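Listed below, chain by chain, are the residues.
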Amino acid sequence: MYPELGLLIDGEWISGLERDAIVVRNPATGAPIGELPVATVQDIDRAAEAAQKAFPVWRGITALDRGRVLARIATILRERTAELSAILTLEQGKPLREAAAEIAATADSFEWMGEEGRRVYGRVVPSRFADAEQLVVHEPIGPVAAFSPWNFPAILGGRKIAAALAAGCTIVLKPAEEAPGILVAIAKICESCGVPAGVINLLFGVPARISQRLIERPEIRKLSFTGSTPVGRHLSGLAGAALKRITLELGGHAPVILCEDADLERALQLGVAAKFRNAGQVCNCPTRFYVHEKVFGEFCERFSQLARNLVVGDGLEEGVHMGPLIHERRVRAMREYTEDAVAGGGEILCGGDAPSELAASLQDGTFWAPTVIALAGNEARVLREEPFGPLALMQPFSDLDEAIGRANGSDYGLAAYAFTQSLKSARRIQERIEAGCFSLNTFAITPPELPYGGVKQSGFGREMGSEGLLEHFQTKAVIRAV
Ligand SMILES: NC(=O)C1=CN([C@@H]2O[C@H](COP(=O)(O)OP(=O)(O)OC[C@H]3O[C@@H](n4cnc5c(N)ncnc54)[C@H](O)[C@@H]3O)[C@@H](O)[C@H]2O)C=CC1
Ligand SMILES: O=Cc1ccc(S(=O)(=O)O)cc1
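Residues numbered from 1 in each chain as written. Chains lettered and ligands numbered in written order. Predicted model: local features only at pLDDT ≥ 70, side-chain atom pairs only at ≥ 80, totals over all residues. Heavy atoms only, no water.

Here is the rule we go by: UniProt positions are given in the numbering used here, feature names are shortened, and annotations may be inferred rather than shown by experiment.
Looking up the protein chain in an unreviewed UniProt entry gives the name 4-(hydroxymethyl)benzenesulfonate dehydrogenase, with the organism given as Ramlibacter aurantiacus. Of the comments in the UniProt record for the protein chain, the one headed Catalytic activity (unreviewed entry) reads "4-(hydroxymethyl)benzenesulfonate + NAD(+) = 4-formylbenzenesulfonate + NADH + H(+)". Under the UniProt heading Sequence similarities (unreviewed entry), the entry covering the protein chain gives this text: "Belongs to the aldehyde dehydrogenase family."

Notes on the packing of aromatic side chains
The criterion, for reference: Stacked, tilted and edge-to-face pairs are distinguished by plane angle, under 30 degrees for stacked and over 60 for edge-to-face with tilted covering the rest, among Phe, Tyr and Trp rings (Trp via its six-membered ring) whose centres lie within 6.5 Å. Each helix is a run of H or I in the DSSP string that is no shorter than four residues. Each strand is a run of E no shorter than two, and both are numbered from the N terminus. We call a charge positioned over a ring when the NZ of a Lys or the CZ of an Arg lies within 6 Å of the ring centre and within 35 degrees of the ring normal.
For the structure on display, the rule yields seven aromatic pairs. Ring centres of F419 and F443 lie 5.1 Å apart, and the angle between their planes is 40°; on these two criteria the pair is classed as tilted. Of this pair, F419 sits in strand β18 (residues 415-419) while F443 sits in the loop between β19 (437-440) and β20 (455-456), placing them 24 residues apart in sequence. Through a chain of ring-to-ring contacts, the aromatic side chains of F276, F289, F299 and F303 assemble into a single cluster. Directly above the ring of F152 sits K94, whose terminal nitrogen or CZ lies 3.6 Å from the centroid. Above the plane of the ring of W13 lies K188, whose end atom (NZ or CZ) is 4.8 Å from the centre.

Overview of the sheet that holds strand β22 (residues 473-481)
To keep it simple, the criterion reads: Two strands qualify as a pair provided DSSP detects at least 2 bridges between them. Axis definition: a line fit to C-alpha positions, over the contact stretch in the case of helices; interaxial angles, taken between N-to-C directions, run 0 to 180 degrees.
Strand order in this open sheet of three strands is β5-β6-β22, and the pairing throughout is antiparallel. One side of each edge strand has no neighbouring strand; the edge strands of this open sheet are β5 (123-125) and β22. Averaged over all adjacent pairs, the angle separating strand axes in this sheet is 25°, with direction ignored. By the bridge criterion, three bridges tie β5 to strand β6 (residues 132-140) in an arrangement that is antiparallel.

Here we look at the site of ligand 1
Selection criterion: Here a residue counts as near a molecule or strand whenever at least one of its heavy atoms sits within 4 Å of it. By the criterion applied in these results, polar contacts are pairs of N or O atoms within 3.5 Å in which, for protein atoms, one can donate a hydrogen and the other can accept it, and in which residues neighboring in sequence qualify only through two side-chain atoms. Note on areas: these come from Shrake-Rupley sampling with a 1.4 Å probe, and a residue is covered only by the protein chains present in the view. Residues are grouped as follows: Ala, Val, Leu, Ile, Met, Phe, Trp, Tyr, Cys and Pro are nonpolar; Asp, Glu, Lys and Arg are charged; every other residue, Gly included, is polar.
Neighbouring residues of ligand 1: 26 residues in total, closest W150, S211, S228, R329 and E386. Take N151: an N or O atom from its side chain is 3.4 Å from an oxygen atom of ligand 1. At 2.2 Å, a side-chain N or O of E386 approaches an oxygen atom of ligand 1. Against a free-state accessible area of 800 Å², the protein chains account for coverage of 86% of ligand 1. Listed by contribution, the elements that provide at least two residues to the shell around ligand 1 are α7 (207-216), β10 (222-226), α8 (229-242) and α11 (328-343). Taken together, the residues of the shell around ligand 1 sort by class into 12 nonpolar, eight polar and six charged.

Things to note about the side chain of T170
Filter applied, for reference: Between two residues, a contact is recorded if the distance between any of their heavy atoms is within 4.5 Å.
Relative to the helices and strands, T170 resides in the loop between α5 (153-167) and β8 (171-174). Of the polar contacts made by the side chain of T170, one reaches the backbone oxygen of A51; its length is 2.8 Å. Excluding residues that lie within four positions of it along the chain, T170 makes contacts with A51, A54, F55, W58, G142, P143, V144, A164, G198 and V199.

Considering helix α1 (residues 41-59)
Quick reminder: α-helices carry 3.6 residues per turn. Residues three or four places apart thus point the same way. The cut-off we apply is this: Given a helix with a known number of residues, its expected span is that number minus one, times 1.5 Å. Axes are fitted to the seven residues ending at a residue and to the seven starting at it; the angle between these axes is taken as the bend at that residue. Only protein chains enter the area calculation, which uses a 1.4 Å probe; residues under 20% of their type maximum are buried, those over 50% are exposed, and those in between are partly exposed.
Look at α1: 27 Å from first C-alpha to last across 19 residues, which is about the 27 Å you get at 1.5 Å a residue. Taking the largest bend as the criterion, α1 deviates by roughly 30°, centred on K53, and proline P56 comes between one and four positions later. Along α1, the residues that are buried comprise D43, I44, D45, A47, A48, A50, A51, A54, F55 and W58.

Examining the pairing of β6
The loop that links β5 with its antiparallel partner β6 comprises six residues. In this structure, β6 lies alongside β22, joined through nine bridges in antiparallel fashion. Directly across from P140, in β22, lies its bridge partner F473.

Concerning the pairing of strand β7 (residues 144-147)
Burial of β7 is two-sided: the residues V144 and A146 facing one way and the residues A145 and F147 facing the other way are all buried. In terms of strand pairing, β7 meets β10 through four bridges, oriented parallel. By the bridge assignment, V144 is partnered in β10 with K222.

Observations regarding the site of ligand 2
Test applied: For each domain, the first and last residues come from an automatic or database assignment.
Taken together, N151, F152, I155, L156, R159, R277, V282, C283, N284, T446 and Y452 make up the full set of residues near ligand 2. N151 places a polar side-chain atom, nitrogen or oxygen, 2.9 Å from an oxygen atom of ligand 2. Contact distances for ligand 2 include 2.7 Å between an oxygen atom and a side-chain N or O atom of T446. Expressed as a share of its isolated accessible area of 320 Å², the protein-covered part of ligand 2 is 93%. A breakdown of the residues in the shell around ligand 2 according to their chemical character gives six nonpolar, three polar and two charged. When we break the shell around ligand 2 down by domain, the ones giving at least three residues each are domain 1 (7-250 + 458-481) and domain 2 (254-447).

Structure (structure tokens):
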């Protein structure tokens, strides 16, 4: 069921063939599931050249017809949800139900971008010359180099493909080596739906080698990266030196402000689901819970109880709520953050270690229990660094402005949430919160029609929404004397 892994260059699939290989493992068991060929410098160069060669072909197809191709891709993704979800869970670990939701969201992104590609309007600007007209037109920027991560490989890689294709651009995508199979499967679906050779190219291998070479290549006109802030900063430097446009969707450390008048039941049910989705390896997941002191005790107790009830295990098994972390490094990070928080006076309300009851087959898996910590102050390392795992941090507040100040006291600014029934409090938070995305009384944050991205160290530029599509165009000012 797991696809044969390979590089895709100019319509040719390349597996093995005298290249180094990376072993891909199931994070729930540690078992090997595939071998990934490592791209050589020649492969990288050929991929950039293929994207350049295919660009006039693809941009020459009307937006209407490109949209039809994207709609077909969406349909096939939906039809093959069960098979694709199994691939995703096997290599990434998330429960099958979450994998299916990710495939559905990926299909929605292809469909929405395909439709939006038909609405990239220019402008006719009243002319200052009697014999001329003045126009503003948007032209596809050219071949895009994109780098997508392992936590949501289908949607985060898929929407980079969808936006590039909708705009008439070609793409060289380097998905994460930890979870490559789902993008191999999606690229094959794209081919079967009529995407010409060279429009989508896939590379895997040594990330720094691939990104550096692609950024240098003259064919590449835009970069798009989703991943950690340090890597984003490094790529931003390279892109700046090469004077290339870059979109950066980096880490997050989302605050939740829970006011005294919040619907507690709703915040609890939605909050536990959002916190522990994908074992907390989500850039927009709620992490810092600022809870009004009058409801702090009750909220912490009930939140911890719900977290304790979550079944941790192999995402392929029925009834599992939370799977493993992607690799051992993340388990070590959870242990270090927890120990540091406890050393600073924090109290573990739930979890705080690897789960105690795991089947024998999962002993080599990389698991961490859902963990809730009531922090003693503002010094814990995990308040400054993105935990990217199943850690919920609880702190009480007494005054709304104080809570907003603490919510903003992070270098990150991707997502933020608030729960209140007061319009006045809601408006105050919405206006003052430093985040690219804000949701009130819900943890919904990324429908395809809304722009997604951050401020501060969470990056810049937007993906999805009409803003995300427009990042794939350059603007041409035209004066036509007639
Ligand atoms: N914003 C997001 O959705 C994601 C954020 N992260 C962040 O990364 C942290 C750690 O994850 P790791 O995998 O250990 O981190 P990492 O920083 O080593 O890698 C993150 C991603 O960037 C890619 N990458 C690394 N160096 C690169 C380079 N020079 N050029 C191009 N791509 C490169 C990797 O292949 C991987 O997909 C997490 O704690 C989280 O903060 C990770 C994945 C997704
Ligand atoms: O980690 C970033 C991230 C994860 C998930 C989604 S979505 O909600 O599935 O669109 C978006 C960004």
